[in-house]
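# Commentary on secondary and tertiary structure
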Amino acid sequence: MHAKEYRSLIWVLILGLAPATALARTPKKANKSTTSDSGVEAGKTPAPVGGAESEASQSSVQQPAVEAPTLMSPAPDSSAPVAQPPAPVGPSPLESGPTALKGKWNPTFYGFVEFDTMHDSTQSFANGCPGYFLIARPGTYAGDHGRTIFDGRSSRFGFKLAAPEADGMKATAVLEMDFGGNQLPTNYGANPNGISETATYGNPLMRIRHAAIKVESAYVDVLAGQYWQLFGWAPLFLPVTVQIPGFPGVPYGRNLQFRLSHVFRTQPIGVEVAVAAARPPQRNSESPDAQGGVRMFLGGWKGAFALGATGGAFLEMPASIGVSGAYRRLKVSEFTAAPARQNGIYVGGISIDAFLPVIPSSLDHKANALNLTANYTNGRGIADLYTPGTMGGAGFPALPNPDALSPAPTWPQDIDNGLVTYDTGGVIHAIQWQTFFVGGQYYLPPSGRVWIAANYGYAKSANIASYSLAPAQIVTKYTLWDAVAYVNVTGPVNVAGEFAHMTDTYGDGQLAKNDRFMLSGYYTFY
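Residues numbered from 1 in each chain as written. Predicted model: local features only at pLDDT ≥ 70, side-chain atom pairs only at ≥ 80, totals over all residues. Heavy atoms only, no water.

### Considering empty space enclosed by the protein
- Applying the stated criterion to the full structure yields two cavities of 30 Å³ or more.
- When its volume is computed, the largest cavity comes out at roughly 60 Å³.
- Within the residue set of the lining of the largest cavity, elements represented by two or more residues are β17 (475–490) and β18 (493–506).
- Here the lining of the largest cavity takes three residues from β18, the largest share from any one element.
- Residues of the lining of the largest cavity, tallied by class, amount to seven nonpolar, three polar and one charged.
- If you add up the space inside the second largest cavity, you get close to 40 Å³. (1 Å grid on protein atoms, 1.4 Å probe; cavity = no way out; pocket = protein on both sides within 12 Å on 5 of 7 lines; lining within 4 Å. Points joined across faces, edges and corners; volume = space filled by probe spheres on them. Helix = DSSP H or I, 4+ residues; strand = E, 2+ residues; numbered from the N terminus. Nonpolar A, V, L, I, M, F, W, Y, C, P; charged D, E, K, R; others polar.)

### Quick look at the environment of Gly253
- Mapped onto the elements, Gly253 comes out in the loop between β6 (221–228) and β7 (254–264).
- Taking the C-alpha atoms as reference points, Gly253 and Ala234, separated by 19 residues in sequence, lie 8.0 Å from one another.
- Leave out the neighbours within four places in its chain, and Gly253 touches Trp228, Gln229 and Thr387. (Contact = heavy atoms within 4.5 Å.)

### Concerning the pattern of salt bridges
- Counted by the stated rule, this structure contains eleven salt bridges.
- Asp120 is the partner of Arg516 in a salt bridge, and the nearest nitrogen-oxygen pair spans 2.8 Å. Here Arg516 is found in strand β19 (residues 511–525), whereas its partner Asp120 is found in strand β1 (residues 108–120), with 396 residues between them in sequence.
- Classification of Arg516 by relative accessible area gives buried; the value is 1%. (Salt bridge = Lys/Arg side-chain N within 4 Å of Asp/Glu carboxyl O. Buried < 20%, exposed > 50% of the residue type's maximum accessible area, 1.4 Å probe, protein only.)

### Comments concerning the environment of Leu230
- Along the chain, the position of Leu230 falls in the loop between β6 and β7.
- Judged by its relative accessible area of 1%, Leu230 falls in the buried class.
- Placed 25 residues apart in sequence, Leu230 and Asn255 show a C-alpha to C-alpha distance of 9.1 Å.
- Setting aside chain neighbours within four positions, we find Leu230 in contact with Arg259, Ala274, Val275, Ala276, Gln291, Gly292, Gly293 and Ser324.

### Quick word on the pairing of strand β10 (residues 314–333)
- Bridging between strand β9 (residues 289–306) and β10 involves 14 bridges; their strand directions are antiparallel. Each residue of the ladder has a partner; that of Met296, found in β10, is Ile321.
- Bridge count for β10 against strand β11 (residues 342–359) is 14 bridges, and the pairing is antiparallel. Opposite Ser320, over in β11, you have Phe355 as the bridge partner. (Pairing = 2+ DSSP bridges.)

### Concerning the side chain of His429
- Here His429 lies in strand β14 (residues 428–430).
- A residue is classified by how much of its surface remains accessible, and His429, at 19% relative accessible area, is buried.
- The residues contacting His429, other than those within four sequence positions of it, are Ile345, Val420, Thr421, Asp423 and Tyr467.

### Observations regarding unusual backbone geometry
- A cis amide bond, omega 5 degrees, links Ala234 with the succeeding residue Pro235.
- As for its position among the elements, Pro235 is in the loop between β6 and β7.
- Of note in the backbone geometry, Asp167 takes a positive phi value of approximately 55 degrees without being a glycine.
- In this structure, Asp167 sits in the loop between β3 (156–162) and β4 (170–178).
- Classification of Asp167 by relative accessible area gives exposed; the value is 75%.
- Residue Trp233 is not a glycine yet carries a positive backbone phi of 55 degrees.
- Tracing the chain through its elements places Trp233 in the loop between β6 and β7.
- Note on Trp233: relative accessible area 4%, which makes it buried.

### A short note on the packing of aromatic side chains
- As enumerated under the stated definition, the model contains 26 aromatic pairs in all.
- With a centroid separation of 6.3 Å and 85 degrees between ring planes, the pair formed by Phe157 and Phe159 is classed as edge-to-face.
- Phe159 gets classed as partly exposed once you look at its relative accessible area, which sits at 37%.
- Consider the rings of Phe335 and Tyr422, whose centres lie 4.8 Å apart with planes at 25 degrees: the pair is stacked. Pair noted here: Phe335 is in the loop between β10 and β11 and Tyr422 is in strand β13 (residues 420–422), with a separation of 87 residues, a long-range link. Taken as a pair, Phe335 and Tyr422 share a single burial class, namely buried.
- Within the aromatic cluster, the residues linked to one another by ring pairs are Phe109, Phe157, Phe159, Phe179 and Phe525.
- The side chain of Lys160 reaches across the aromatic face of Tyr110, ending 5.0 Å from its centre.
- Over the ring of Phe314 we find Lys366; its NZ or CZ atom is 4.8 Å from the centre of that ring. (Phe/Tyr/Trp six-rings, centres within 6.5 Å; stacked < 30°, edge-to-face > 60°. Lys NZ or Arg CZ within 6 Å of the ring centre and 35° of its normal.)

### Brief notes about the confidence of the model for the protein chain
- The predicted model of the protein chain has a mean per-residue pLDDT of 84, with 80% of residues at 70 or higher.
- Of the regions scoring below 50 in pLDDT, residues 1–81 engages in 38 contacts with residues more than four places distant in sequence or in other chains.
- For residues 86–101, every residue scores under 50 in pLDDT, and the model assigns this stretch eleven contacts once sequence neighbours within four places are set aside. (pLDDT = per-residue confidence, 0-100.)

### Things to note about the side chain of Arg254
- Relative to the helices and strands, Arg254 resides in strand β7.
- For the buried Arg254, which has no salt bridge, the nearest side chain bearing the opposite charge is Asp178, at an N-O separation of 5.5 Å.
- Looking at Arg254, its side chain comes within polar contact range of the side chain of Tyr252, at 3.4 Å.
- Those residues in contact with Arg254 that sit more than four places away from it in its chain are Arg207, Arg209, His210, Gln226, Tyr227, Trp228 and Gln229. (Lys, Arg positive; Asp, Glu negative; His and termini not counted. Polar contact = N/O pair within 3.5 Å; in protein donor to acceptor, adjacent residues only side chain to side chain.)

### Quick notes on a nonpolar patch on the surface
- On the surface, a nonpolar cluster with roughly 680 Å² of combined accessible area is contributed by Phe264, Ile269, Val273, Val294, Met296, Ile321, Val323, Ile350 and Ile352.
- Mapped by element, the contributors of at least two residues to the nonpolar patch are β8 (269–278), β9, β10 and β11.
- Mapped onto the elements, Ile269 comes out in strand β8. (Patch = residues over 30% accessible without salt bridge, like charges linked within 9 Å, V, L, I, M, F, W, Y side chains within 5 Å. Areas by Shrake-Rupley, 256 points an atom, 1.4 Å probe, with all protein chains shown as cover.)

What follows is the structure in structure tokens.
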């Protein structure tokens, strides 16, 4: 190699090492920031998982330029303090993403994970809610064979929002969902009009349980949206049971509504009054469902009880009695193949509910608590207030066909089954129901973390068998009794078991029975 080439190579090495040498001579500033366990400086928002910058990190403030890395690392500055790495505590995957943002509307995320197992002595039910579905008759295949189900579709989550109080008013909202949405029937994949059993339980549909806003003031509270129906004052008087409501004897349901209410907190007796315009059971009736209620309570006589089927939430409620009612007008198309007018009918019902803390208790001291709940209802054309299922299986008879036409004429039905029916003469009739339910709960000492319950209910119709409906396809009476036990394993985890015996009395006198063993586990969060 020539001398000129040597000189060129030396200049290249000198120029290449110059930046690194200058950087090594630059003293490092001490790092005085505090570093969290996730490696993010305090006061800064980390980027979301995946490497993309968060909106919080995209500031308009000009950032200092950062020199490109060089091939040679600078010599460490011994005068600068060295940040000590955090003590190893194991992986923290929940701390590696964006920091949580707490809103001014006090958002609360709540719900529970539920796992249900059940065995029925018949093949009558598809989940943990018996409702008013008919028990298969003895002597049939479904009535003589059993069924075992594992189900997680009752798991639930929701959001609650509470805005800061302003102008003397407090505004809140709730949005709650579960996985009990309407699915195609289970036909084991036999045709496109149904789904497989695997899809039924492993790929459920989400549905809205509650979606409502509420504005409270010193004068009146306003609620708008889907929420517990006022008829029956749910959920205050629901019994303790592992089975999912509803079941025979208890009014149960949620509905879209506009409600006005006010609580008079006087002593010793307080009063709550409420009126509501709810979604009508028949949209062609052209008028909303009218509901109203009065609830009286003794403020100094209280009892704590598990609210709902999970046992994850407790409510401390005073001794109470509630009276509520529903009044509605139905307008059903006349009973012909080509109707030209409507037949109107006014229907309604009343519900009386009670909660009695026989041995008073509180949320802090539940041990030895004993509570009783009871309900009585009577009404006509209100079967939709006892969901799910069609009460009694009431439908409509076939149209008369004196000329033996083929195909036979059909009536264009414009109302749900179970509310009213026609006789063969074309006269409309409302289906009447009377129900009764009583239940008790006892919380064992010393801690109240184990509690037991027993319930009995029935529903009976005095006129469903009086019209032109097939007696072997309608039920005139339901009965249910059960025994329940709950154990709080730890904090949010509960396990529960139940045995329930149900009987349906068909229109021809045939009794259909089902025995259910149910075991469930719950993890409640909020």
